[in-house]
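Each chain, written out:
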Amino acid sequence: MRAPFIVIEGLDRSGKTTQTSLLHTRLEAEGIQAKLMKFPDRTTVIGQMIDSYLRSDSELDDHVIHLLFSANRWELASYITQLLEAGTPIICDRYAFSGIAFSASKGIPSSTPSPKLPYEWCRSPDIGLPAPDLVLFLDIAPERAKLRGGYGEERYEKEELQARVRGIFQRLGSEMQNETQRPVRPNWVTVDAGRERKVVANEVWSLVEPLVINRIDDPVAKL
Ligand code: T5A
Ligand code: NA
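Let us look at the structure shown here. Because the structure is a prediction, the values reported are computed rather than measured. (Residues numbered from 1 in each chain as written. Chains lettered and ligands numbered in written order. Predicted model: local features only at pLDDT ≥ 70, side-chain atom pairs only at ≥ 80, totals over all residues. Heavy atoms only, no water.)

**Considering the packing of aromatic side chains**
Argument step 1. Under the criterion given, the structure shown has 10 aromatic pairs.
Argument step 2. Ring plane angle 50° and centroid distance 5.8 Å describe the contact between Phe-39 and Tyr-95, whose orientation is recorded as tilted. Taken together, the residues span a long stretch of sequence, with Phe-39 in the loop between β2 (35-38) and α2 (45-54) and Tyr-95 in the loop between β3 (90-93) and α5 (96-104) at a distance of 56 residues.
Argument step 3. Residue Phe-39 is classed as buried on the basis of its relative accessible area of 2%.
Argument step 4. Arranged with centres 6.4 Å apart and planes meeting at 65°, the rings of Tyr-53 and Tyr-156 form a pair that is edge-to-face. Remark: Tyr-156 occurs in the loop between α7 (142-145) and α8 (159-178) and Tyr-53 occurs in helix α2; sequence separation between them is 103 residues.
Argument step 5. Within the aromatic cluster, the residues linked to one another by ring pairs are Phe-5, Phe-39, Tyr-53, Tyr-95, Phe-97, Phe-102, Phe-137, Tyr-156, Phe-169 and Trp-188.
Argument step 6. Here the basic side chain of Arg-155 rests over the ring of Tyr-53, its NZ or CZ set 3.7 Å away from the ring centre. (Phe/Tyr/Trp six-rings, centres within 6.5 Å; stacked < 30°, edge-to-face > 60°. Helix = DSSP H or I, 4+ residues; strand = E, 2+ residues; numbered from the N terminus. Buried < 20%, exposed > 50% of the residue type's maximum accessible area, 1.4 Å probe, protein only. Lys NZ or Arg CZ within 6 Å of the ring centre and 35° of its normal.)

**So, the site of ligand 1**
Argument step 1. Neighbouring ligand 1 are 27 residues, the closest being Arg-13, Lys-16, Thr-18, Lys-38 and Arg-94.
Argument step 2. Note that an oxygen atom of ligand 1 is positioned 2.7 Å from one of the side-chain N or O atoms of Lys-38.
Argument step 3. A distance of 2.8 Å separates an oxygen atom of ligand 1 from a polar atom in the side chain of Arg-42.
Argument step 4. Look at ligand 1: alone it shows 1,100 Å² of surface, and the protein chains cover 84% of it.
Argument step 5. Among the secondary structure elements, those contributing two or more residues to the shell around ligand 1 are α1 (16-29), α3 (62-74) and α5.
Argument step 6. By residue class, the composition of the shell around ligand 1 is seven nonpolar, seven polar and 13 charged. (Near = heavy atom within 4 Å. Polar contact = N/O pair within 3.5 Å; in protein donor to acceptor, adjacent residues only side chain to side chain. Areas by Shrake-Rupley, 256 points an atom, 1.4 Å probe, with all protein chains shown as cover. Nonpolar A, V, L, I, M, F, W, Y, C, P; charged D, E, K, R; others polar.)

**Some words on the sheet that holds β2**
Argument step 1. Strand order in this open sheet of five strands is β2-β3-β1-β4-β5, and the pairing throughout is parallel. Where the open sheet ends on each side, the last strands, each with one partner, are β2 and β5 (187-192). Sheet twist, expressed as the average angle between the axes of neighbouring strands with direction ignored, equals 20°.
Argument step 2. With four bridges connecting them, strand β1 (residues 5-10) and β3 associate as parallel partners. Counterpart to Val-7 in the pairing with β3 is Cys-92.
Argument step 3. The strands touched by α1 within the sheet are β1, β2, β3 and β4 (134-139), with β3 carrying the most contacts at an inclination of about 165°. (Pairing = 2+ DSSP bridges. Axes fitted to C-alpha atoms, helices over the stretch in contact; angles between N-to-C directions. Contact = heavy atoms within 4.5 Å.)

**What about unusual backbone geometry?**
For residues that are not glycine, phi is negative in most cases, and the peptide bond is trans in most cases.
Argument step 1. Backbone torsion omega between Phe-39 and Pro-40 reads 0°, so that peptide bond is classified as cis.
Argument step 2. Summarising the element assignment, Pro-40 is placed in the loop between β2 and α2.
Argument step 3. A positive phi angle, close to 60°, is found at Arg-215, a residue other than glycine.
Argument step 4. Mapped onto the elements, Arg-215 comes out in the segment after α9 (197-214).
Argument step 5. On the accessibility criterion, Arg-215 (35% relative accessible area) is partly exposed.

**Focus: the state of the cysteines**
Working definition of a disulfide: a covalent bond connecting the sulfur atoms of two cysteines.
Argument step 1. Inspection of every chain in the model, using the stated rule, returns zero disulfides.
Argument step 2. Free cysteine: Cys-92, not disulfide-bonded; nearest cysteine sulfur from Cys-122 at 19 Å. (Disulfide = S-S within 2.5 Å.)

**Looking at α5**
Argument step 1. The buried count for α5 comes to nine of nine residues, which makes it a mostly enclosed element.
Argument step 2. Residues Ala-96, Phe-97, Ser-98, Gly-99, Ile-100, Ala-101, Phe-102, Ser-103 and Ala-104 constitute the buried set of α5.
Argument step 3. In this structure, the buried residues of α5 make contact with β1, α3, α6 (119-123), β4, α8 and β5.

**Some thoughts on the nonpolar core**
Argument step 1. Of all hydrophobic cores here, the largest spans 43 residues; its most connected members are Tyr-95, Phe-97 and Phe-169.
Argument step 2. If you look at the next biggest cluster of nonpolar residues, it comprises 20 residues, including Ile-6, Ile-91, Val-189 and Val-208. (Core = buried A, V, L, I, M, F, W, Y, C linked by side-chain atoms within 4.5 Å.)

**What about the pattern of salt bridges?**
Argument step 1. One pass over the full model with this rule turns up 17 salt bridges.
Argument step 2. One salt bridge connects Asp-62 with Lys-116, and the closest N-O pair in it is separated by 3.4 Å. Separated by 54 residues along the polypeptide, Asp-62 in helix α3 and Lys-116 in the loop between α5 and α6 bring together distant segments of the chain.
Argument step 3. Residue classification places Asp-62 among the buried residues on the basis of a relative accessible area of 16%.
Argument step 4. Classification of Lys-116 as exposed rests on a relative accessible area of 54%.
Argument step 5. As a salt-bridge pair, Arg-171 and Glu-175 come within 3.1 Å of each other at their nearest N and O atoms. Residue Arg-171 and its partner Glu-175 are both found in helix α8; the two are separated by four residues, about one turn of the helix.
Argument step 6. Exposure remark for Arg-171: the relative accessible area of 41% places this residue in the partly exposed category.
Argument step 7. On the accessibility criterion, Glu-175 (19% relative accessible area) is buried. (Salt bridge = Lys/Arg side-chain N within 4 Å of Asp/Glu carboxyl O.)

Read these as spatial facts, not as claims about activity.
Shown next, in the form of structure tokens:
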């Protein structure tokens, strides 16, 4: 038996950091020490390059930044597996799904015939990473997210791009529910993130609690 790997995904300002931290506190209150993680992890050497790019302090080729986001996850891949096997649940704020959704959304406005980075290309660098046992997708309309604090400060926080990102997240979610040939099928649950913090937190808790209590029988799967 091992601990579960839970990922919280969503559009910018959907409340991922708010919800991962509420979940972490609730687990603590239940006497469960979970590990909180976040991608991008801006503290590593690769993370600092990502941070500078996101703040528009530096420019990078679209392929390069995509691979850096993935490399930033690979930096922590074996640590993730070790923690889970040692019995520590992981609550993770964004993961490979953000990587695919944001990069594959580049250059798809109606003016361009095809995306700059094909979807399948975007998926490949993350193949083999530890797979989460549950993905909670915090869904919110970009026009509502925009009304929340801090929106628009970083590179990708533009309504049109966010709408395309939402479409790719939805595609990822439905592929995960439908694909049978892939060895892993993380459970993908869409949560309405347009509601009050506490209401969202209660739904998140109801989905996470059984995994944490029952734990996981299978070894850590791979994306
Ligand atoms: N990215 C990321 C890639 O392109 N590739 C990748 O591989 C990865 C991992 C930075 C960018 O990087 C891209 C995606 C992003 O564009 P980030 O560091 O996770 O990613 O971004 P942050 O700026 O830290 O976080 P977000 O903008 O995504 O915000 P959150 O975490 O979703 O939202 P949160 O909790 O900070 O809340 C935002 C505001 O809303 C309020 C909060 O108080 C806060 O002011 N709020 C609510 N208001 C009303 N009702 C609620 N229910 C609310 N919940 C929160
Ligand atoms: Na965040």
